[in-house]
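Residues per chain, in single letters:
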Amino acid sequence: MPCYLITYNGYGTWMPDHDRGYVRRKEGVLAPDNHMATYYRNNLKEDPVRFSYSIQQHLVAAAIEAFRFQDLRGHFIATESTHLHMLVSWRSNAAWRLVRRRLRSSLTRRLNREVERRTWFAKQPSRKQVR
């Protein structure tokens, strides 16, 4: 049974000048970089997302609903103003990429419907397999 901790970062919330560095696809974790942070900020198409308490409630409700419809087991959900963590497992042979994408779609649909239509999440959610 696959089990993953999936983290969805809010759009524009984890910039290269973060004190813990930043992640670039196919390069891994990189050291903080003020120059790249300026470049990233200048290329944002929308304001960075902040998940208010109300939005966090929508995220939790959407996740719980998605777990039921997608036949997933949600073990844990935690929200902050900039990201959402979910510990999820499933019995099917679905690949983690598909599960991660479907969950993100469910979250986005709910926020677009209940709050406003916009880009809610960064492109690549992180995931760590839990054994």
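Scroll up to find the structure.
Reading guide: rules and limits
- Residues numbered from 1 in each chain as written.
- Predicted model: local features only at pLDDT ≥ 70, side-chain atom pairs only at ≥ 80, totals over all residues.
- Heavy atoms only, no water.
- 1 Å grid on protein atoms, 1.4 Å probe; cavity = no way out; pocket = protein on both sides within 12 Å on 5 of 7 lines; lining within 4 Å.
- Points joined across faces, edges and corners; volume = space filled by probe spheres on them.
- Helix = DSSP H or I, 4+ residues; strand = E, 2+ residues; numbered from the N terminus.
- Nonpolar A, V, L, I, M, F, W, Y, C, P; charged D, E, K, R; others polar.
- Salt bridge = Lys/Arg side-chain N within 4 Å of Asp/Glu carboxyl O.
- Buried < 20%, exposed > 50% of the residue type's maximum accessible area, 1.4 Å probe, protein only.
- Pairing = 2+ DSSP bridges.
- Axes fitted to C-alpha atoms, helices over the stretch in contact; angles between N-to-C directions.
- Parallel < 35°, antiparallel > 145°, perpendicular 65-115°, else oblique.
- Left-handed = near helix turned anticlockwise from the far one by under 90°.
- Contact = heavy atoms within 4.5 Å.
- Patch = residues over 30% accessible without salt bridge, like charges linked within 9 Å, V, L, I, M, F, W, Y side chains within 5 Å.
- Areas by Shrake-Rupley, 256 points an atom, 1.4 Å probe, with all protein chains shown as cover.
- Lys, Arg positive; Asp, Glu negative; His and termini not counted.
- Charge placed at Lys NZ, Arg CZ, Asp CG, Glu CD.
- Phe/Tyr/Trp six-rings, centres within 6.5 Å; stacked < 30°, edge-to-face > 60°.
- Lys NZ or Arg CZ within 6 Å of the ring centre and 35° of its normal.

Caption draft 1: Up close: the layout of surface pockets. By volume, the largest pocket is sized at about 1,600 Å³. For the lining of the largest pocket, the elements supplying multiple residues, two or more each, are β1 (3–9), β2 (22–24), β3 (28–30), α1 (34–42), β5 (83–89), α3 (96–114) and β6 (126–129). Its residues assigned to classes, the lining of the largest pocket comprises 14 nonpolar, 12 polar and 11 charged.

Caption draft 2: Spotlight on the pattern of salt bridges. Evaluation of the coordinates by the stated rule reveals 5 salt bridges. Residues Arg 41 and Asp 17 are paired through a salt bridge, measuring 3.1 Å at the closest nitrogen-oxygen approach. On the criterion of sequence distance, the pair formed by Arg 41 in helix α1 and Asp 17 in the loop between β1 and β2 is long-range, its members being 24 residues apart. Residue classification places Asp 17 among the partly exposed residues on the basis of a relative accessible area of 31%.

Caption draft 3: Geometry of the sheet that holds β6. Taken in spatial order, the 4 strands line up as β4-β5-β1-β6 in an open sheet, and their pairing is antiparallel. At either margin of the open sheet sits one strand with a lone partner, and together these are β4 (73–79) and β6. Strand-to-strand twist of the sheet, defined as the mean angle between neighbouring strand axes without regard to direction, takes the value 15 degrees. Taken together, the 6 bridges between β4 and β5 define a ladder with antiparallel strand orientation.

Caption draft 4: How the structure looks around the packing of helix α2 (residues 53–69) against α3. One can describe the packing of α2 onto α3 by two numbers: an axis separation of 9 Å at closest approach and a directional angle of 135 degrees. In terms of orientation, α2 and α3 fall into the oblique class. Along this stretch, α2 crosses α3, giving a crossing that reads as right-handed. Across from Ile 55, His 58, Leu 59, Ala 61, Ala 62, Ala 63, Glu 65, Ala 66 and Phe 67 in α2, the residues of α3 making contact are Leu 103, Ser 106, Leu 107, Arg 110, Leu 111 and Glu 114.

Caption draft 5: A look at a positive patch on the surface. On the surface, Arg 25, Lys 26, Lys 45 and Lys 123 cluster together into a patch of positive charge. With respect to the helices, strands and loops of the structure, Lys 45 is situated in the loop between α1 and α2.

Caption draft 6: Representation of the packing of aromatic side chains within the structure. For the structure shown, the criterion picks out 6 aromatic pairs. Between Tyr 4 and Trp 96 the ring centres are 6.2 Å apart and the planes differ by 35 degrees, which places this aromatic pair in the tilted class. With a gap of 92 residues between them, Tyr 4 in strand β1 and Trp 96 in helix α3 connect regions that are remote in the sequence. A single burial state applies to Tyr 4 and to Trp 96, both of which are buried. Clustering of aromatic rings is evident, with ring pairs tying together Tyr 4, Trp 90 and Trp 96. Over the ring of Trp 96 we find Arg 127, and its NZ or CZ is 3.8 Å from the ring centre.

Caption draft 7: Inspection of unusual backbone geometry at higher detail. Residues other than glycine seldom take positive phi values, yet Asp 71 does so here, at roughly 55 degrees. Mapped onto the fold, Asp 71 is located in the loop between α2 and β4. Residue class for Asp 71 comes out exposed when judged on its relative accessible area of 63%.

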